[in-house]
Each structure stands twice: as C-alpha cells, then as structure tokens.
Amino acid sequence: FTDSYTTAKQVVVVPEGSEVTLDTLGDYTIGTQRGTTGFIYTSDDYGEDHVVGYDTYTLAFQALQNGQVDCIVLDDAVGVAYVAQIPGLAILDTAYALEDYAFGVDKNNAALLDAVNAALNELMDDGTVQSIIDKYIGE
C-alpha cells in the first residue's frame, strides 16, 4: 500500500436517548451495510449473531427506525449525512474504529510504489488531496 492520504472513522448511530455505548455495543443488535469495513469489524468483534447486514445504508436506517436493530456502524461522512436528514438519531461521541486510506499497488513493484508515493505526497503538500476529500467526502 502507498502512504496514507487520509484517515476516516467508523461511527455508531443510535436513536437519541439510547443506552448503547461503545462499551456495551456487543450486547445489542448492530446494523451495517454488507461488504463494508463496518460489517467486517463488527462481525469479527461481536460475532455474526449480533450483526445484521443490509444491501444499502438506507435499509439499515429503516431497520434502526423500525427497532429491528439497536444501532448502525458506518463511515462517519455517511452517518453525518443520514443523521442530518432523520430526526431523532445521534452519533456516539467516540469513533468505533479509525481507518487509513491508501492505494494498493503490486507489492513486487517497488518503483511504482515509490513513484505513486512521491506524486501522492506532492499532491498532499499542495492541498490537492485535501480539496478532493473536501469535495467528495466532506460534509
């Protein structure tokens, strides 16, 4: 992998007033989107009996609103966008997990890794990477 170009976080969305905390998360039913790191992390941490995977986050949020799950684990930017649109939901103050974003390259191609890292670091230094993150991932 290349150098990391940003760090994202996985957050927990709960109904306002919920008793769910990071310390008690394993006692509850967790909704996620299938195939995401949130699904992988929670399944590994709490077992698949505590995790319900949905095809989309919209379905996971509908399940949360219907009481079929107690919380949802997902990327922060996605969680913030949904919580802003759905009254009565909140994001726990502490992140569930942090994730470094990077590009994958052939592990046997050191020259390519060095070239991509050099270009990536140049784009980070001049602010290009941050402007792209702000445009596509920011609030």
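Residues numbered from 1 in each chain as written. Predicted model: local features only at pLDDT ≥ 70, side-chain atom pairs only at ≥ 80, totals over all residues. Heavy atoms only, no water.

Caption draft 1: Just the overall build of the chain, in detail. Scanning the chain from N- to C-terminus turns up five helices and six strands. In the chain, the order of α-helices and β-strands from amino to carboxyl end is β-β-α-β-α-β-α-β-β-α-α. Each of the 139 residues in the chain was classed as buried or not, and the buried ones make up 31%. A sequence separation of at least 24 residues applies to 67% of the contacts in the chain between residues at least 6 apart. (Helix = DSSP H or I, 4+ residues; strand = E, 2+ residues; numbered from the N terminus. Buried < 20%, exposed > 50% of the residue type's maximum accessible area, 1.4 Å probe, protein only. Contact = heavy atoms within 4.5 Å.)

Caption draft 2: Region of interest: helix 1 (residues 37-46). Among all positions of helix 1, only Gly38, Thr42 and Ser43 are buried. The arc enclosing the buried residues of helix 1, seen along the axis, measures out at 120°, which places them on a common side. Packed against the buried residues of helix 1 are strand 1 (6-15), strand 2 (30-33), strand 3 (51-54) and strand 4 (71-75). One or two positions beyond helix 1, positive phi appears at glycine 47, with a value near 85°. (Arc of directions from axis to C-beta.)

Caption draft 3: Focus on the packing of aromatic side chains. What the rule picks out here adds up to four aromatic pairs. Measuring from ring centre to ring centre gives 6.5 Å for tyrosine 46 and tyrosine 96, while their planes differ by 40°; the resulting arrangement is tilted. Within this pair, whereas tyrosine 46 is found in helix 1, its partner tyrosine 96 is found in the loop between strand 5 (89-91) and strand 6 (97-101), the two being separated by 50 residues in sequence. Accessibility expressed as a relative area gives 15% for tyrosine 96, which makes it buried. (Phe/Tyr/Trp six-rings, centres within 6.5 Å; stacked < 30°, edge-to-face > 60°.)

Caption draft 4: Expanded view of the side chain of threonine 42. Mapped onto the fold, threonine 42 is located in helix 1. Polar contacts involving the side chain of threonine 42 include one to the main-chain carbonyl oxygen of glycine 38, which spans 2.7 Å. (Polar contact = N/O pair within 3.5 Å; in protein donor to acceptor, adjacent residues only side chain to side chain.)

Caption draft 5: Structural context of the pairing of strand 1. Pairing between strand 1 and strand 6: five bridges, direction antiparallel. Across the sheet, residue lysine 9 finds its bridge partner in strand 6, namely leucine 98. In this sheet, strand 4 lies alongside strand 1 in antiparallel orientation, the contact comprising four bridges. Bridge pairing links valine 13 to isoleucine 72 in strand 4. Pairing geometry for strand 1 and strand 5, over three bridges, is antiparallel. Residue pairing for strand 5: proline 15 is matched across the bridge by leucine 89. (Pairing = 2+ DSSP bridges.)

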